[in-house]
Amino acid sequence: ARPPLSSGFLQQVEQQQQIIEAAALEDERRAKSGLSAFLEQTDINSWVATSYNYNFEGSDDHVTQQLGGQNTGGSGLHMPGYPNHNTFQLDQFWLEIDKQATEESRAGFHVDLAAGTALKNGTDMDVGIHTAYVSYLAPLLGGIQFDAGILPTLIGAEVIQTNGNVNITRGMVWALQPITNTGAVATVGFGDNLSVALGILNDPLGDPTYDGNNGKALTSQVKFDAEKFSASAALNWGKEAGNSFVAAGSRHEYVGLLDLIPALKG
């Protein structure tokens, strides 16, 4: 017959079990604490925009159909992102997830998930990733931020976000500027008002995620932002990697876009 277990042995087993359970609870607490800290550092924003569009000039259905569904006016396409006449549409659903790179937590990231008709320069419902990039704040020159991935362009005053523009309609040069670029950009601030950005892109005008093995493009911006006045100068320059704004015969040539924006603040 097996001898009975001593009370001391049973007490030791119970103590070991308590230690194991405490360790598991501590690991769970640390995991929850880490997740909580991550969520505290991450901002999540979202919005939905819808519209009804009626064009009083050139609004016949047969006119729009002949031009591929473009909502035309007397001077051709107007209101990019609003291709249809007498139509309700989902302009944008937007989900923005952002974890800023800071001195306390130098790594960060940003993702924009979007759906709707008023995306890119297209005229059909689009769903996908608008921007997605990682960031790192290097402890150099008071802080240099490096961003790499699908980035918002440095060119232009208008933005694709419906809630970021005063008007629904776009400027005449909207279709000429890139909306996003794929590459890497470094930005450094000098004091509270001046910042300089310099980077390398796959394409100077478009936003392809491929490079076409045809070299790269340069992007740069100098921006001054004061309480009553702001001004910026931005330049994209390099070999075109396959962008619809350049004629096929001139692809892979050096092209560029210079953008100057002065602004008075109210």
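The shown structure was predicted, so the numbers you read here are calculated from the model rather than taken from an experiment.

Novice: Residue-level account of the overall build of the protein chain, with values.
Specialist: Scanning the protein chain from N- to C-terminus turns up two helices and twelve strands. In the protein chain, the succession of helices and strands from N to C terminus is α-β-α-β-β-β-β-β-β-β-β-β-β-β. Within the protein chain, the fraction of its 266 residues that count as buried is 31%. In the protein chain, of all internal contacts separated by at least 6 residues, the share reaching a separation of at least 24 is 54%. Total accessible area on the protein chain is roughly 16200 Å²; 59% of this is exposed by carbon and sulfur atoms.

Novice: A description of a nonpolar patch on the surface should follow, citing residues and the corresponding values.
Specialist: Nonpolar side chains collect at one region of the surface, where Phe-190, Leu-194, Val-222, Phe-224, Phe-229 and Leu-264 lie side by side and expose about 570 Å² of accessible area between them. Looking at the element boundaries, Leu-264 is found in strand E12 (residues 254-264).

Novice: Give me the sheet that holds strand E6 (residues 126-138): which residues, what numbers.
Specialist: If you trace the ten strands from one edge of the open sheet to the other, you get E1-E4-E5-E6-E7-E8-E9-E10-E11-E12, paired in antiparallel fashion. Strands at the two margins of the open sheet, each flanked by one partner only, are strand E1 (42-53) and E12. Each strand of the sheet is rotated relative to its neighbour by a mean of 15 degrees, with strand direction disregarded. As paired strands, strand E7 (residues 144-152) and strand E8 (residues 180-190) are joined by nine bridges and run antiparallel to one another. Looking at E8, one finds that Asp-147 is bridged to Val-185.

Novice: If you had to explain unusual backbone geometry to someone new, which residues and values would you point to?
Specialist: For Leu-141, which is not glycine, the phi torsion reads 50 degrees and is therefore positive. Relative to the helices and strands, Leu-141 is located in the loop between E6 and E7. The class of Leu-141 is exposed, set by a relative accessible area of 64%.

Novice: Would you mind going over the pattern of salt bridges in detail, with residue names and values included?
Specialist: Going through the model one piece at a time under the given rule, you end up with one salt bridge. A salt bridge links Asp-225 to Lys-265, with the nearest nitrogen and oxygen atoms 2.2 Å apart. Residue Asp-225 is located in strand E10 (residues 217-225), and its partner Lys-265 is located in the segment after E12; the two are separated by 40 residues in the primary sequence. On the basis of relative accessibility, which here comes to 32%, the residue Asp-225 falls in the partly exposed class.

Cut-offs and rules
- Residues numbered from 1 in each chain as written.
- Predicted model: local features only at pLDDT ≥ 70, side-chain atom pairs only at ≥ 80, totals over all residues.
- Heavy atoms only, no water.
- Helix = DSSP H or I, 4+ residues; strand = E, 2+ residues; numbered from the N terminus.
- Buried < 20%, exposed > 50% of the residue type's maximum accessible area, 1.4 Å probe, protein only.
- Contact = heavy atoms within 4.5 Å.
- Areas by Shrake-Rupley, 256 points an atom, 1.4 Å probe, with all protein chains shown as cover.
- Patch = residues over 30% accessible without salt bridge, like charges linked within 9 Å, V, L, I, M, F, W, Y side chains within 5 Å.
- Salt bridge = Lys/Arg side-chain N within 4 Å of Asp/Glu carboxyl O.
- Pairing = 2+ DSSP bridges.
- Axes fitted to C-alpha atoms, helices over the stretch in contact; angles between N-to-C directions.

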